[in-house]
Each structure stands twice: as structure tokens, then as C-alpha cells.
Amino acid sequence: MKDIPNYSLLPHNTFGIDARCRRFAEFTSVEELETLLRGLHADDYPLLLLGGGSNLLLTGDFDGTVIHSAIMGIELVGETSQSVLLQVGSGETFDDVIAYCVENGYHGAENLSKIPGEVGASAVQNIGAYGVEVKDLIERVDAMEIATCRPVSFSNADCQYGYRQSRFKQDWKDKYVITHVTYRLSKLFTPHLDYGNIRGALANKGIDNPTAAELREVIIDIRDAKLPDPKVEGNAGSFFMNPVVSKEKYEQLVALYPNMPHYYIDEQHEKIPAGWMIDQCGWKGRTMGKAGVHDKQALVLVNRGGASGNDIVRLCEAIRQDVRERFGIEIYPEVNIVQGVREYKEFRSSDISMKE
């Protein structure tokens, strides 16, 4: 187990913010986690449960303890004629798990390829892309209760997954440390191709009926083409969630913007791409100080070099205001802003309008 005081979190956040924490503790097993939690004292608090740092914005040094999982391993723990159950350590890189699944003929996660981050965070955030959400794959989440050091196991239904939401971000926030996630994958490959430009990208390669490996490759190509490399420009991928609006609000907007993209949710709701609205407000490619908006994808905020977390927050607020004034829609950060403005913490605990 690693236990390091006054630790730089620069290697642990893809925005490239050089903030420090008072204590950094990394565990490699359930037993080490229990030892760590039982040894916590009052001056070790507050706690920050950190994954790969790909969905995190630090606005200053963290005056507390950062806890990080390094539990590794992928284990086949169940199998039927149609599916398998894989129990995965929370410290595994999520995309490595998808590569493993594709190589071994386990299907359903291909559209989530190259989403950065670790397995534990996938169960907290309900990550999703190109028409697929990880909630559709999660069977069980194993964790340890911080207050009691009691191991617990949650079903998919227990977690109450919604659009980029779960109980781990709501009433369970800071109460549990995830140790393993069990995914159910299919032995039958049923590709999801009707979201975004997947079919067009396949057609450009002359592929009509892709294999799982070909679909994964195309998804990676699409992401690489529109998302910046965090090693070049610090970022956390999609910064904002796509808002879900009422059918009435959607009809008002589509009357003004006939070519507005949208995604059907149900008879009462439509999803409007936040990136499209940000682009319409003229933000794509713009810079505010050392923070900016990516020139290929307006949903992505970037560190142009030397930006602070507060620089990113100021840019975020300017964009939110413009979208609010032009479209009458509130957009909310998808990233976890640590020591950020109060409203983001309030949103995670109370807002329900973003749930599908």
C-alpha cells in the first residue's frame, strides 16, 4: 500500500492541474483497504475517492486524504450459454477491460471504447457513449462502507442509474469505496450502429457488417478525430452533460432551429446536445485566458497550458450563461469539480431533471 504525505496530484488528473493533497493512500486489495479505513483519524478528513482523474477538475490543493484503488484483475465468475460475468478490480483501466472482452468474444461494451478512466469510476458515473451506457452491463458493484469497514454488494437496481448519475454520486457519495465491478457481457455480438456517425465511419472503410474488433477500431478512430490528447492539451473529455428537456421545450426550440440535432428519450422528453448549443453560441475554438474550448468539439474544455482549475470554472460559467440566455436551458458539468463552486455540489445531490 502506498501512503504518501504532501503528494502532487498532477499524474492523477487529465486536466493537468498541479494541485497537491495532504495525504495520498493507494490500496491493492480489500484487506489493505480495510486496514487503511480502520486507521483513519479525524485529521485525515476530508476524503477524496479518486479513480483515473479523467472526470475531475481540481481548483486548488486538497486539504485531506486522497484514496485510490489499485485493485487489479479480470476474473470469469459466471457463465451461461448466452453470457458471461466478469468481476473486475476497480483499479483496472476501463478501456483495457473492453480490449480484453473483444479479444475473448465477450460483447456489449464496444461503443464505450477509449473512454478514459478506471473501472470503479465507471460504476459511479454511469459512463456512456454512442448509444450505450455502462449501466446496461453492470451486474453488481462490490464496495466497503467507510464508516464501518463492512464489505457490501449492490445490484444494478440498487444503484439507481440514470444519465451520468448513480446513488454513488447522490446519497451514497463519500460513503463507500468500490473494490470490484461485475459486468455481464454477451456471447452474441449485436452491434449498436445508429448513434452519431458510426455507420458513416464504417462506410468510409468499406465495412457493412463490422466485427466487434472493427467496431471498436472505428469508435476509437472517431474519438481520436474529435477529442484532444490530454498529454497535449489537458482536458476531461466531455465537460457538460447533454440536457434532457420536455417535449414542449424541444418543440419551441426546433421551431427556431429546424436543423437542431436531438435524441428521442420518451414521449415526454428529448435530449439536446450541449456541444451543439455551445457551438451555436460561438464558443468552439475560443480561449479565455489559459482555458479554452476545443476547436473540433465544443463539449470539451481544455487547458491551453498553465491554466488553473478556477480558470476552467470561469470559462464554464461564461458558457453556461450564454447557453442559458440563448436557449433557456441550464447545462451542468459532467466532471467532478473539487473545491469548486457550491452549486455543483448541490446539483449532484438534488437535481433530477438530467435523469433519463
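A quick note: this is a predicted structure, and the numbers were derived from the prediction, not measured. Every residue gets a number counted from 1 within its own chain, in the order that chain's sequence is written. This being a predicted model, a pLDDT of at least 70 is required before a residue's local features are given, and a value of 80 or more before pairs of side-chain atoms are given or counted; all residues contribute to the totals for chains, interfaces and linings. Heavy atoms throughout the structure, all of them, feed into the side-chain values; hydrogens and water do not.

Colleague: In this structure, what is going on with the sheet that holds strand β18 (residues 291–293)? I would like to understand it.
Modeller: In any sheet, the strands associate via hydrogen bonds between backbone groups, in a parallel or an antiparallel arrangement. By the convention used here, strands pair only if DSSP detects at least 2 bridges between them. In DSSP terms, a helix is any run of H or I states spanning at least four residues, a strand is any run of E spanning at least two, and both are numbered starting from the N terminus. Strand order across the open sheet formed by four strands is β13-β19-β18-β17, with antiparallel pairing between neighbours. The sheet is open, and its two borders are formed by β13 (234–238) and β17 (287–288), each paired with just one other strand. When checking whether two residues touch, look at their non-hydrogen atoms; a contact exists if any pair is within 4.5 Å. Every angle, taken between N-to-C directions, lies between 0 and 180 degrees, and every axis is a line fitted to C-alpha atoms, over only the stretch in contact when it is a helix. Packed on one face of the sheet, helix α9 (residues 309–327) meets β17, β18 and β19 (300–303) and runs near 40° to β18.

Colleague: Hey, could you run me through unusual backbone geometry in this one?
Modeller: Trans peptide bonds make up the majority, and among non-glycine residues the majority have a negative phi. Cis geometry marks the peptide bond from Tyr45 to Pro46, where omega comes out at 0°. Within the secondary structure layout, Pro46 lies in the loop between α1 (30–38) and β3 (47–50). Of note in this structure, Asn126 is not a glycine but carries a positive phi near 50°. With respect to the helices and strands, Asn126 occurs in the loop between α3 (119–125) and β8 (128–129). Given a relative accessible area of 0%, Asn126 falls into the buried group. Of note in this structure, Tyr130 is not a glycine but carries a positive phi near 50°. Residue placement: Tyr130 occurs in the loop between β8 and β9 (132–133). Three labels apply to residues, based on accessible area from a 1.4 Å probe with only protein chains included: buried if under 20% of the type maximum, exposed if over 50%, partly exposed otherwise in between.

Colleague: Explanation requested: the confidence of the model for the chain in the structure shown.
Modeller: Note: predicted coordinates in regions of low pLDDT should not be interpreted at a detailed level. Taken over all residues, the pLDDT of the chain has a mean of 93, while the share at 70 or more is 95%. The low-confidence segment residues 340–356 (pLDDT under 50) makes 36 contacts with residues lying over four places distant or belonging to another chain. On a range of 0 to 100, pLDDT expresses the predictor's confidence in each residue.

Colleague: How do you make sense of the packing of helix α2 (residues 94–104) against helix α6 (residues 212–226) when you look at a structure like this?
Modeller: To characterise two packed helices, one gives the angle between the axes of the helices and the distance between these axes. At their nearest, the axes of α2 and α6 sit 10 Å apart, and the two run at 155° to each other. What the angle tells us is that α2 and α6 run roughly antiparallel. Of the two possible hands of crossing, α2 and α6 adopt the one that is left-handed. Residue-level contacts link Asp95, Ile98, Ala99 and Val102 of α2 to Ala212, Ala213 and Arg216 of α6. For the contact of α2 with α6, the residue count by class is five nonpolar, no polar and two charged. Here roughly perpendicular refers to angles of 65 to 115 degrees, roughly parallel to angles under 35, roughly antiparallel to angles over 145, and oblique to all remaining angles. Left-handed is the label given to a crossing in which the near helix is rotated counterclockwise from the far helix by less than a right angle, and right-handed is the label when the rotation is clockwise. Gly falls in the polar group here, along with every residue not listed as nonpolar (Ala, Val, Leu, Ile, Met, Phe, Trp, Tyr, Cys, Pro) or charged (Asp, Glu, Lys, Arg).

Colleague: Looking at this model, I keep getting lost on the packing of aromatic side chains. Mind explaining?
Modeller: When we look at a pair of aromatic rings, we describe it by the centre distance and by the angle of the planes. Side-chain rings of Phe, Tyr and Trp, where Trp is taken by its six-membered ring, are said to pair if the distance between their centres is within 6.5 Å; with planes under 30 degrees apart they count as stacked, over 60 as edge-to-face, and otherwise as tilted. For the structure shown, the criterion picks out 13 aromatic pairs. On the numbers, 5.1 Å between centres and 65° between planes, the contact of Phe168 with Trp172 is edge-to-face. Look at Phe168 and you get buried, because its relative accessible area is 7%. When its relative accessible area of 8% is taken as the criterion, Trp172 is described as buried. Clustering of aromatic rings is evident, with ring pairs tying together Phe154, Phe168, Trp172 and Tyr176.

Colleague: Looking at this structure, how should I read α6?
Modeller: Structural remark: α-helix, 3.6 residues per turn; residues separated by three or four positions point the same way. Residue count minus one, scaled by 1.5 Å, sets the expected span of a helix. If you check α6, its first and last C-alpha atoms are 22 Å apart, about what 15 residues at 1.5 Å a residue would give, namely 21 Å. Regarding α6, the residues found buried are Ala212, Leu215, Arg216, Val218, Ile219, Ile220, Ile222 and Arg223.

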